[in-house]
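Residues per chain, in single letters:
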Amino acid sequence: MRRNALAYLLGIAAAILTIMLVEALGHLIFPVEADIDFEDSEGLAIYMATLPLGAVLFVALAWALGVVAGIAVALRIGDLKPVYFSSVITSFVLAGAVSQMILIPHPTWFVPVALIGIVGAGAAANFLPAREVS
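Criteria and thresholds
Residues numbered from 1 in each chain as written. Predicted model: local features only at pLDDT ≥ 70, side-chain atom pairs only at ≥ 80, totals over all residues. Heavy atoms only, no water. Helix = DSSP H or I, 4+ residues; strand = E, 2+ residues; numbered from the N terminus. Buried < 20%, exposed > 50% of the residue type's maximum accessible area, 1.4 Å probe, protein only. Core = buried A, V, L, I, M, F, W, Y, C linked by side-chain atoms within 4.5 Å. Arc of directions from axis to C-beta. Patch = residues over 30% accessible without salt bridge, like charges linked within 9 Å, V, L, I, M, F, W, Y side chains within 5 Å. Areas by Shrake-Rupley, 256 points an atom, 1.4 Å probe, with all protein chains shown as cover. Salt bridge = Lys/Arg side-chain N within 4 Å of Asp/Glu carboxyl O. Lys, Arg positive; Asp, Glu negative; His and termini not counted. Charge placed at Lys NZ, Arg CZ, Asp CG, Glu CD. Expected span 1.5 Å × (residues − 1). Contact = heavy atoms within 4.5 Å.

Peer 1: Mind showing me how you'd approach the environment of Arg-2 here?
Peer 2: Here Arg-2 is to be found in helix α1 (residues 2–29). Taking the relative accessible area as the measure of exposure, Arg-2 reaches 78% and is therefore exposed. Sequence spacing of Arg-2 and Val-67 is 65 residues, and the spatial spacing of their C-alpha atoms is 22 Å.

Structure (structure tokens):
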């Protein structure tokens, strides 16, 4: 039981770390304007609408890769069926993504792309190799 609890915790931590790293890479390629005011929702919506396609897709990529990385870590540590780790970690990332989409105005097309990407990554990660239980 402790092993599986640790697997969930480290899987979620790996998902968060992966998301942060991929988004940081995206910010290196597509820098954020220094004077953007994240408290001004109107100005933020205008700024988000002017972002290059690649900048927005980097966020969706980060979320999907975060799901896969988190599940991969959990599967290497825990001894439950992949669907358990997949559903919890995917749900965790999905909740974070939805909260960000509510707080920050994203392009309309981005919402289904991101949600399908996250859920699809979680479903695909069910086929990653799991730790062999002896």
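Here the narrative resumes.
Peer 1: Is there a simple way to think about the nonpolar core in this case?
Peer 2: Counting residues in hydrophobic clusters, the biggest one holds 27 residues, and the most contacted among them are Trp-63, Val-93 and Phe-110. For this core, the elements supplying multiple residues, two or more each, are α1, α3 (53–77), α4 (82–103) and α5 (110–125). With 12 residues, the top contributor of residues to this core is α3. In terms of nonpolar packing, the next biggest core, distinct from the first, is built from five residues, Ile-36, Tyr-47, Met-48 and Ile-104 among them.

Peer 1: Got a minute to help me understand helix α2 (residues 41–50) in this structure?
Peer 2: Residues spaced three or four apart along an α-helix face the same direction, because each turn holds 3.6 residues. Regarding α2, the residues found buried are Leu-44, Tyr-47 and Met-48. When α2 is viewed along its axis, its buried side chains cluster within an angular range of 100° and face the same direction. Set apart from the buried face of α2 by more than 90 degrees, the exposed residues are Glu-42, Ile-46, Ala-49 and Thr-50.

Peer 1: What is the right way to look at a negative patch on the surface in this model?
Peer 2: On the surface, a cluster of negative charge is contributed by Asp-37, Glu-39, Asp-40 and Glu-42. If you trace the backbone, Glu-39 turns up in the loop between α1 and α2. Since its relative accessible area comes to 72%, Glu-39 is described here as exposed.

Peer 1: Explain α1 here, please?
Peer 2: The terminal C-alpha atoms of α1, which comprises 28 residues, lie 40 Å apart, in line with the 40 Å expected from a rise of 1.5 Å per residue. Of all the residues in α1, the buried ones are Asn-4, Ala-7, Gly-11, Ile-12, Ala-14, Ala-15, Thr-18, Ile-19, Val-22 and Gly-26. Those residues of α1 hidden inside the fold are in contact with α3 and α4.

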